[in-house]
Structure formats: C-alpha cells, structure tokens
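Residue strings, one per chain:
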There are 2 protein chains.
Amino acid sequence: MPLGEFDIISTYFQKQNKRKDVVVGIGDDCAVLSPPVGKNLLVSTDTLNLHQHFFADTPAYDVGYKSVAVSLSDMAAMGGEPAWLLLSLTLPDVDELWLESFAQGLFACLDVHDIALVGGNLTKGPLAITTEILGFGDKMLTRANAKVNDAIYVTGTLGEGGLALALLKNEIAEDNFAIAEINCIKQRLFRPAVRLNEAKYLKQIAHAAIDISDGLLADLQHILDASHVGATIYADKLPLSASLQKVPLPLKTQIALTGGDDYELCFTLPSAQVSQLAHIEQHTKSQFTCIGNIEQQLGLRVITKDGELLSLEKLGYKHFL
Amino acid sequence: MPLGEFDIISTYFQKQNKRKDVVVGIGDDCAVLSPPVGKNLLVSTDTLNLHQHFFADTPAYDVGYKSVAVSLSDMAAMGGEPAWLLLSLTLPDVDELWLESFAQGLFACLDVHDIALVGGNLTKGPLAITTEILGFGDKMLTRANAKVNDAIYVTGTLGEGGLALALLKNEIAEDNFAIAEINCIKQRLFRPAVRLNEAKYLKQIAHAAIDISDGLLADLQHILDASHVGATIYADKLPLSASLQKVPLPLKTQIALTGGDDYELCFTLPSAQVSQLAHIEQHTKSQFTCIGNIEQQLGLRVITKDGELLSLEKLGYKHFL
C-alpha cells in the first residue's frame, strides 16, 4: 500500500531542527514562529513546474535543492536573513525513491543556511513545487533606489544557467565540452550558488539590487523601472565562465544577457563605495564585475567593444509571451 | 498580443491596500512586512489543483475566493488574526476573462478580512493556485491540548461541502433539490464561511481545535493523535443542514462524517466553559453543537442513536490512498 499524506510528511519532511524561534512546527494548522524584535519580516514565494523549470529526467535531489535555492536568491537580493520555509508539494503519485531524494536535496540546501522547514501542504496533481521563504532584514536592498552615475555590478559569472538549458534542449552541441564540464554546467543550473553571504555586506553599500533569474536584461530592467533611470551595459565587460567563452559570438553574449537561471546578484553602487567592494570581494571570496552605468536617459543600451549599439529585440525570457 | 507576466500582475493583482504594516508590497524580490511586537507569527499554505479541488467549469470567481478561504480556515483553526497573503499562480495560458474574475473573487475574500496581497509568483503550467497566509496570534489553539472529558463541538453544519461534491460528481441525483438550493449547496463548497470571528472568542476557552477540510473523522483524528486521547461521537447529534437531511440514511451520516471541504471548526471544551459558549454563540450569531466526548480510551468511536457502533472503514478522505 502506498504511503498516505501524513506518512509522507512524517517520513521525509518532519526533521528535527535547532532553531529556537519555531514555537510550533510541522503538524498543526499553522506554523507558529517567533520573529526577532526590531527587524522587518521578509517573505517571498517561487514555484517550479515540471517541463517549465525542470524536466522528467532531472534528478529529484536537484529539484529539491533548487526549489529552496530559488527562494533564497530572492532573500539575498533584498539583503535578508532567511529563517523558515514552507513547502507546497503537488505529486501525481507516490514515488518513494523520488521523494527520498527530493527531501535530501531540499534539506541539503536548508541545512547549509540553518533554515527550518516549518510547514507545508501535500496535494495530488501535476508535479510542482512551491516554496515560501521567510526571513528578517534591517537595512534592505530594494530595486527602487538606483541613482544616476551608479556603477552596475554583477556577482560571479553570467549565462551558465542559460548555457545548461541550451545544452539540455540540444540548442548547443555538447561536442565542445568534456563530460565532466557538462555535468558542472548542469549543476550550476540546478544547484545555483546563492549570494546570501555577499548580500550581507553589499546591502551596506549598494543602492539597489535584484537577483538574476529571468536574464540580466530583463531583471536589470526591473531596477531601471522601479528607480526611474536608464543604463548602458558594455557587452565585452560581461563576466563569462570558461565554458561559456567556448561558445561563439554573438551567441555567448546573447546567453549572458538573456539566459535565465543565473541566480547571481545585479547591484548598483555609488562611486564613493567602489573602494569598499574590494574588501568584500576578498572577505567573501567572491568576484564582482562592473558591467555598466546607471544614466539619466531612460532605456537600456548594450554597447559592443567596437562601440556598436546592440539590438535588444529579445529582451530576455518573459513568461507567457 | 497576450499580456506578459508583469502586465498581468499590475493589471489584476497590484491593488492599493490600507494596511500600514506593509513596508514593501508587490513588485520587489521579497515583500517587507512589519509584524506587531509581542505576538507570534502564524503561517500556513494551501494548494488548489484543477480536477482535484475544483473543476474546469468552476467559476473563476469561486476559485479565487476559495483559494483565500481555505488558507483563512487554517488561521481560524489556530485562533490567529490574518494579515498578509502571498499568491503563487500557475496558468496554462493567459485568459483575461478568467483572470479578471479570479482576481475579483480573491480580493472579495481578502477585503472582508482586511488582508493585503503582498506578493506572489506567476508561472506557466497546469492550472494551480497556492496561497500562503501570514497572521498573528497571542493565545493559540493547537491540536495537541485536548483533555479527557472535554466535550467535542463543531461550528455550523457538517457535510454540505461533501454533498456539493457528490452532486457535482452525480453520485447523488439532483432531483430532490430545487435549482436555487443546489446553487446554495455549491456556493457552500466554493465560498465557505470562515470561522475567524468565532475563533477569536473560542481560543479563550477551548482546549484544542482544527478546521474540517478533509472530513470530520479524519480531522478529529489529528486532534486525538496530537493530544494522545480517544473520542466517542454520537451520529444523531451531528448538525446537518436542511439540504443534507433530505439524503437518506446511512449516506447522510457518512457524508457528514467523512465529506471534506466543510471548513467548520471542530474544537474541544472543558465542561467548566460550556456556559461561556452560549454567550459566544449569541454574540457571533453562530451555532455550536456538541457531538461527542474526549476519552482516555484511544481510538475514535461513532455510536448511532440505537447504541450501535458504526464501522469506520472509510475514515474520511485521505490523499494518495
């Protein structure tokens, strides 16, 4: 007989955690939590759907890991400190091997950041995972505070999530990559680095930030819209990984500009703070790259090394277009 | 050209609200909220899936309304005060008529209770709605505090959600009901009364509570499990609506005991507090019915008017069985 709803919860998801701010965890109508005094509460939610955000052959561990990581990335983009997660899991049937592996990936990502799974919901239907992250913040990084003359930075490298997707969809041949390299690229798609640690320091000096989930151009545009400013990006400044460097122009630039699933941060910085950045870079063992500037002239311009203005017809991934 | 993700959000979901505790609402990576000092934070999540929780011909308004109501019912069951909602909406395509009606139903239920929609997520995939409700509580009603000799009460009437489902699935013929009556019964399924007001008072005197979403027996069993006690229920005491009274025995009893989607509260009360209940009943214009007792002997027994012990083979709806 397959496991029932409550057996699934107790077997795979009801794990002890050490957080003292969980008054009532999994198993009642609501989780009861004790937020710290004097901080704001930050909340965000994300959904991963089969075929849209992962595939039938994506390892369940990776689906579990990523379902947490995408939520954490939103928390990082605000400079928040994640604390608690709710999980809504919709399953077509009970596959215990899949569930075990999914839960392992989920808790692997939760445990790294000392986050407690405090509740959730289990329903029958097409495979989908919705996570809701809750955390705290004092000084916050929003999208709305970018200023003219700010430098635009990104963390890490861009486009590897998009490269992984292109490889999975056979839009780019795997011939140019070693098998180990392909595995690394795909891992980047499903187990993204989350820039929580960097954000802890960046929130002290940056003006605005967003995490890059829909592609650099689409996400930077949100900062521009919210801050009522424009920007110029220099295509040759984009930090590409060694793997993406192997892809010919102009495709590699296009992937770096519009490929989703990077989960790096894009942030804007007043020039007076640039010197602070090197310290943070060293302290967090990170890489921050200046890729352009915030300008008064509205709109988003991308300029090549030769000074050519790129056409931005394809402004990144948009749902429902 | 169909609306894009951000157009959908701004057109249908970005509504002004009057809550002063929303620091940053829809439109950034996280919502930023200001919880009251000295209260616990209560959170819960629920998912409604097409074919499982509603049907292709269910009016979008009702789907929107119910997606909030089911979350509020969890808040009521803990005696909490709801404040903020996150919405994760998965759509197969952009149907503006559906969206407009869905949003109207959603806000209709939110506005009654002064709840702000503070964020969410929109993805492409099989139609599904996940809501996350956040609220506050001081004295809380959990499932774990039922005591031997407590009386077991329910609010309102039982089984009308189950009756509506049985009518929709043609398991019960519509012949015995007038068309207006059938509409009322179906409305009960999709626009359930939420017992938030009753819970505000009941939390002062009740020992334990749960909302009835999976059927009385299944949900009462959660109280028994969490409180390490047993119970006897008297079948002839079950409060049935006039509509359900028309269904012959034993079917009407079975529906009242195991039909889901009632969203009434089941609570346990020490005998010393029974006199208080009449005041609350009058003040909240509600109906509370004693249906049985908490006992030391573990397990759940249902006894008919003739003293016969009913077989509980079908212990309510369970997912994945």
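Refer to the structure printed above.
Throughout what follows, the structure given in this document is the object of discussion.

Rules used throughout
Residues numbered from 1 in each chain as written. Chains lettered and ligands numbered in written order. Predicted model: local features only at pLDDT ≥ 70, side-chain atom pairs only at ≥ 80, totals over all residues. Heavy atoms only, no water. Patch = residues over 30% accessible without salt bridge, like charges linked within 9 Å, V, L, I, M, F, W, Y side chains within 5 Å. Areas by Shrake-Rupley, 256 points an atom, 1.4 Å probe, with all protein chains shown as cover. Salt bridge = Lys/Arg side-chain N within 4 Å of Asp/Glu carboxyl O. Lys, Arg positive; Asp, Glu negative; His and termini not counted. Charge placed at Lys NZ, Arg CZ, Asp CG, Glu CD. Helix = DSSP H or I, 4+ residues; strand = E, 2+ residues; numbered from the N terminus. 1 Å grid on protein atoms, 1.4 Å probe; cavity = no way out; pocket = protein on both sides within 12 Å on 5 of 7 lines; lining within 4 Å. Points joined across faces, edges and corners; volume = space filled by probe spheres on them. Nonpolar A, V, L, I, M, F, W, Y, C, P; charged D, E, K, R; others polar. Contact = heavy atoms within 4.5 Å. Buried area = accessible area lost by both parts, 1.4 Å probe. Polar contact = N/O pair within 3.5 Å; in protein donor to acceptor, adjacent residues only side chain to side chain. Pairing = 2+ DSSP bridges. Axes fitted to C-alpha atoms, helices over the stretch in contact; angles between N-to-C directions. Parallel < 35°, antiparallel > 145°, perpendicular 65-115°, else oblique. Left-handed = near helix turned anticlockwise from the far one by under 90°.

## Observations regarding a negative patch on the surface
Right, on to step 1. Judged by side-chain charge, Asp93(A), Asp95(A), Glu96(A) and Glu100(A) come together as a negatively charged surface patch.
Right, on to step 2. Inspection of the secondary structure puts Glu96(A) in helix α3 (residues 96-112).

## Observations concerning empty space enclosed by the protein
Right, on to step 1. Following the criterion strictly, the structure yields 2 cavities of 30 Å³ or more and no others.
Right, on to step 2. Estimates place the volume of the largest cavity at around 70 Å³.
Right, on to step 3. Listed by contribution, the elements that provide at least two residues to the lining of the largest cavity are β3 (40-49), β4 (81-91) and β6 (128-137) of chain A together with β3 (40-49), β4 (81-91) and β6 (128-137) of chain B.
Right, on to step 4. Looking at which element gives the most residues to the lining of the largest cavity, the answer is β6(A), with 3 residues.
Right, on to step 5. Of the residues that constitute the lining of the largest cavity, the class distribution is 3 nonpolar, 10 polar and no charged.
Right, on to step 6. Of the voids in this model, the second largest cavity is the one considered here, and its volume is about 40 Å³.
Right, on to step 7. Taken together, Asn49(A), Pro126(A), Leu127(A), Ala128(A), Asn49(B), Thr90(B), Pro126(B) and Ala128(B) make up the full set of residues lining the second largest cavity.

## A look at the interface of chain A and chain B
Right, on to step 1. The interface of chain A with chain B comprises 63 residues on the first partner and 63 residues on the second.
Right, on to step 2. Summed over both partners, the interface of chain A with chain B comes to about 5,100 Å²; 62% of that surface belongs to carbon and sulfur atoms.
Right, on to step 3. Between chain A and chain B we count 4 salt bridges in total.
Right, on to step 4. Two residues, Arg143(B) and Asp28(A), come together in a salt bridge whose shortest N-O distance is 3.5 Å.
Right, on to step 5. There are 19 residue pairs in polar contact (both at pLDDT 80 or more) connecting chain A and chain B.
Right, on to step 6. With 9 residues, the single largest contributor to the side of chain A that touches chain B is β3(A).
Right, on to step 7. When grouped by side-chain class, the residues that make up the side of chain A that touches chain B number 32 nonpolar, 20 polar and 11 charged.
Right, on to step 8. Across 3 bridges, the pairing between β3(A) and strand β2 (residues 31-33) of chain B is antiparallel. Residue pairing in the sheet places Leu41(A) in a bridge with Leu33(B) of β2(B).

## Describing the packing of helix α1 (residues 5-13) of chain B against helix α3 (residues 96-112) of chain B
All names here are of chain B.
Right, on to step 1. As a packed pair, α1 and α3 sit with axes 10 Å apart at the nearest point and diverge in direction by 45°. One finds that α1 runs oblique with respect to α3. Relative to α3, the crossing made by α1 is right-handed. Here α1 contributes Ile8, Tyr12 and Phe13 to the contact with α3, which in turn contributes Glu96, Leu99, Glu100, Phe102, Ala103, Leu106 and Phe107.
Right, on to step 2. Residues of the contact of α1 with α3, tallied by class, amount to 8 nonpolar, no polar and 2 charged.

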